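Residue-level structure breakdown
Chain by chain, the residues:
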Amino acid sequence: MRADIDIRQTASMRFGILGPLLVSHEDGPVAITGRRPRAVLACLLLRRGHTIPDDALIDAVYGGRSPRSARNQIQQAIHHLRKIGVPVTRDESGGYSLAVTENDVDSDSFQLHVQQARTAVREDLLEEAATHFTSGFALWRGEALAGFDTPYFREAAAELEELRLAALAEHVEVQLELGRSHVVIPDLSKAIVDNPLRERYHGQIMLALYREGRQSEALEVFRSLRHRLGEELGVEPAKDLERLHRRILAQDPTLHHSRTAGLQDAVVPRQLPPRTTVLNGREAELRRIRRALTEDRSPVAVLAGFGGIGKTALAVHAAHGIADSYPDGQLFAKLTGEHGHPAHPEDVLGMFLRALGLRDMDLPPGLEERAGRFRTLTAGKRILVVLDDAGSLRQVQPLVPAGDGCALIITTSSWDVSQPGWESIKLTPLAPADARSLLERGVGRDLLEAQPWATREVLDRCGGLPLALEIVAARIINGQGSIRRVAERLADRDRLLHELTIGDRTVRAVLERGYRALGAGPRGLLRKIGLLGCAELTAETAAALEGTSTTDAGYLLDDLADAHFLIPAAVATSGETTYRCLDMVLAFGRERSFSEDDAEARATVLERTCDRLEFVRGQVRRRRPGVSV
């Protein structure tokens, strides 16, 4: 039920979290007394436009150490906020939200100004871009969310600070293009003190100092950075900084030309999607990606795994983490188009070339020509490319940048997308503790602890698949069932895939796409596995299902494992591998069997399996008389 709110009273209210919490009205500041009301309001402001369930709100405010009276305290805080005119609403499905617009919250207004500035840059309206950046930075009053110290607020503050730092670098680029070197030096000096290893800032201040006739200071910035990188990380500055250093030493006259002198070309693509997902349990993979691309200088990292395993989220998170090492831009493309059809490399190259500054009339006509032009434009640059959901090596090869300083991250469901020299990383389902942590982030700790049996059942049925866990959390949050009810439905294999669907997010679609990519043989075996509900199987089991040799059955199992429908679980001393099949895959295989195989074919599978099992029993009886089989 929604609270009655006087719109006239709240229409002119403004809220700030880019510094200490601030609430103001047309008549002046509005005082909010008490730590809990302030924390509740800050949490609602961070999730403006979304309903926050009670448990999630409690977890954010108390940081996982909530007292028994937490729910009552939250209600009291909400009452206090409403009393002073804050437009808090209660959703019918449970949870609270804030009835304000993006113009009413300083953090949203800041991001809107940054978006408008970036649009202006793309349209070459640099003065307009500078104005938007300046207006956005004017909203900051100190450290974001100052005074709040739970893990939720610390993480949110870090994300806001990262947005500010990225926008600052872009603002500096605009000012340098406009010839305002003197304007950016104070801001860059402070930014470098606070972030001493951000190489992009060092390059920008080197250029600004040189343009202001302060060559010796520019060279000292480089020497100081090289010393710090060597002492703390054991690495040298990036190649683009070394090139700029040499140009300053040589007093390169083109460095004074505002439109061409920066570390980047006039067009610098920033295509990475935002980091909207909090990663759980992928720290080791993140370290491998960073080490491969920034330390080992391997040009490509391939993330392979089952659909819904979190490949895209990991790739985007990793790319943001190393983006500063690629100041010439970041390109992103999804290689699966509508209805699951693969995107054509020629079309993707067209998108990349436009992002790098080519007009439509200048685009080369064919794949080879576009690939050649792409390699030309990336040669000598430091550009990061992310290719999401690649289907084959053939699709990827034309999209590999040419520059030695470039890097490429690929996500795929196929092991075919790899070649020697590339770092291949297989993503497996989340460990139980990480899976629980992900579910807890969605629905709150108290809810899980109140229903321990149902929680264990849900985690077991979801099999550590992030997509499944996120769907379950969304269904619970949206009031489509308690965790106990969801657990009961997931236990029914005929309802499991329906339960793992919400809106356009569905595990079934992921499975269907992978299934269509399989050959007829592996598809047939998957249907048989689902029909019999084989949660674990070996080549011997598969041979019984197929009526074939263990060698041929092993090849089919390899195909299913390569497509991530099966997970190698254990290897016996004999060398035989035992494979594990997730409940959702079993449900899908059963569903496809009843859809594609007639009753006679299904009966044949059951009879063949029973005959094979009887044969195995006979073998055991002969070898070990007296043993009950």
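Residues numbered from 1 in each chain as written. Predicted model: local features only at pLDDT ≥ 70, side-chain atom pairs only at ≥ 80, totals over all residues. Heavy atoms only, no water.

Things to note about empty space enclosed by the protein
Summed over the entire model, instances satisfying the criterion amount to one cavity of 30 Å³ or more. Counted as a void, the largest cavity has a volume near 50 Å³. Lining the largest cavity are 10 residues, with Glu199, Arg200, Asp240, Asp324 and Pro327 positioned closest to its centre. Elements with a minimum of two residues in the lining of the largest cavity: helix 9 (199-211) and helix 11 (239-249). Looking at the lining of the largest cavity residue by residue, the class counts come to four nonpolar, one polar and five charged. (1 Å grid on protein atoms, 1.4 Å probe; cavity = no way out; pocket = protein on both sides within 12 Å on 5 of 7 lines; lining within 4 Å. Points joined across faces, edges and corners; volume = space filled by probe spheres on them. Helix = DSSP H or I, 4+ residues; strand = E, 2+ residues; numbered from the N terminus. Nonpolar A, V, L, I, M, F, W, Y, C, P; charged D, E, K, R; others polar.)

So, helix 5 (residues 106-122)
Counted at 1.5 Å a residue, the expected span for helix 5 with its 17 residues is 24 Å, and the 24 Å between its end C-alpha atoms agrees. Residues of helix 5 that are buried: Asp106, Ser107, Asp108, Ser109, Phe110, Val114, Ala117 and Ala120. In this structure, the buried residues of helix 5 make contact with strand 1 (14-16), helix 6 (126-137) and helix 7 (151-177). Phi turns positive, to about 65 degrees, at Asp124, one or two residues after helix 5. (Expected span 1.5 Å × (residues − 1). Buried < 20%, exposed > 50% of the residue type's maximum accessible area, 1.4 Å probe, protein only. Contact = heavy atoms within 4.5 Å.)

Structural notes on helix 11
Along an α-helix, residues three or four apart share an orientation, since each turn contains 3.6 residues. Those residues of helix 11 that sit buried are Asp240, Leu241, Leu244, His245 and Ile248. Down the axis, helix 11 shows its buried residues gathered within 145 degrees of arc, on one side only. Residues of helix 11 that are buried in the fold lie against helix 9 and helix 10 (215-232). At the exit of helix 11 stands Gln251, carrying a positive phi of roughly 55 degrees. (Arc of directions from axis to C-beta.)

As for the side chain of Glu170
Checked against the element boundaries, Glu170 lands in helix 7. At a separation of 2.6 Å, a polar atom in the side chain of Glu170 contacts the side chain of Arg118. Among all residues touching Glu170, those that are not within four sequence positions of it are Arg118, Phe133 and Arg200. (Polar contact = N/O pair within 3.5 Å; in protein donor to acceptor, adjacent residues only side chain to side chain.)

Here's the deal with the packing of aromatic side chains
Inspection of the entire model under this criterion finds eight aromatic pairs. When the ring of Tyr152 is compared with that of Phe153, the centres are 5.4 Å apart and the planes differ by 80 degrees; the resulting orientation is edge-to-face. Taking relative accessible area as the criterion, Phe153 reaches 1% and is therefore assigned buried. When the ring of Tyr515 is compared with that of Phe588, the centres are 5.5 Å apart and the planes differ by 80 degrees; the resulting orientation is edge-to-face. Here Tyr515, found in helix 23 (residues 507-516), pairs with Phe588, found in helix 27 (residues 583-596); they are 73 residues apart in sequence, far enough to count as distant. Judged by relative accessible area, which is 0%, Phe588 ranks as buried. Taken together, the ring pairs connect Phe110, Phe133, Phe137 and Trp140 into an aromatic cluster. Directly above the ring of Trp140 sits Arg164, whose terminal nitrogen or CZ lies 5.7 Å from the centroid. Its end group placed over the ring of Tyr515, Arg523 keeps NZ or CZ at 5.8 Å from the ring centre. (Phe/Tyr/Trp six-rings, centres within 6.5 Å; stacked < 30°, edge-to-face > 60°. Lys NZ or Arg CZ within 6 Å of the ring centre and 35° of its normal.)

Here we look at the state of the cysteines
A full pass over the atoms with the stated rule returns zero disulfides. Among the cysteines around Cys581, which has no disulfide bond, Cys534 carries the closest sulfur, lying 8.4 Å off. A relative accessible area of 4% places Cys581 in the buried class. (Disulfide = S-S within 2.5 Å.)

Let's talk about the sheet that holds strand 13 (residues 536-537)
The three strands are arranged 13-15-14 in an open sheet whose pairing can be described as antiparallel. Unpaired on one side and paired on the other, strand 13 and strand 14 (567-571) mark the two borders of the sheet. (Pairing = 2+ DSSP bridges.)

Considerations on the nonpolar core
If you look at the biggest cluster of nonpolar residues, it comprises 80 residues, and the most contacted ones within it are Val507 and Met584. The greatest single-element share of this core, amounting to seven residues, is contributed by helix 20 (residues 466-477). Each residue touching Val507, except ones within four places of it in the same chain, is listed here: Leu465, Leu467, Ala468, Ile471, Leu497, Leu500 and Met584. Core analysis: the next-biggest nonpolar cluster, separate from the first, contains 78 residues, Leu21, Met206, Leu207 and Ala218 among them. (Core = buried A, V, L, I, M, F, W, Y, C linked by side-chain atoms within 4.5 Å.)

Things to note about the packing of helix 5 against helix 7
Where helix 5 contacts helix 7, the axes come no closer than 11 Å and their chain directions differ by 30 degrees. When the axis of helix 5 is compared with that of helix 7, the two are roughly parallel. Note that helix 5 runs across helix 7; the crossing there is left-handed. Across the interface between the two elements, Ser107, Phe110, Gln111, Val114, Arg118 and Val121 from helix 5 touch Leu160, Leu163, Arg164, Ala167, Glu170 and Val174 from helix 7. Looking at side-chain class alone, the contact of helix 5 with helix 7 contains seven nonpolar, two polar and three charged residues. (Axes fitted to C-alpha atoms, helices over the stretch in contact; angles between N-to-C directions. Parallel < 35°, antiparallel > 145°, perpendicular 65-115°, else oblique. Left-handed = near helix turned anticlockwise from the far one by under 90°.)

What about the pairing of strand 9 (residues 407-412)?
For strand 9, the buried fraction is high: six of the six residues fall into the buried class. Of the two faces of strand 9, both are covered, the one formed by Ala407, Ile409 and Thr411 as well as the one formed by Leu408, Ile410 and Thr412. With five bridges connecting them, strand 8 (residues 384-390) and strand 9 associate as parallel partners. Each residue of the ladder has a partner; that of Leu387, found in strand 9, is Ile410.

Here's the deal with the pattern of salt bridges
Using the criterion set out here, one finds 38 salt bridges in the structure. With its nearest N and O atoms 3.8 Å apart, the salt bridge here joins Glu155 to Arg441. On the criterion of sequence distance, the pair formed by Glu155 in helix 7 and Arg441 in helix 17 (residues 432-443) is long-range, its members being 286 residues apart. With a relative accessible area of 30%, Glu155 lands in the partly exposed category. Here Arg441 falls in the partly exposed class, since its relative accessible area comes to 45%. Measuring nitrogen to oxygen at the nearest pair gives 3.2 Å for the salt bridge that ties Arg590 to Asp494. One end of the pair, Arg590, is in helix 27; the other, Asp494, is in the loop between helix 21 (483-491) and helix 22 (496-499), and 96 residues separate them in sequence. (Salt bridge = Lys/Arg side-chain N within 4 Å of Asp/Glu carboxyl O.)

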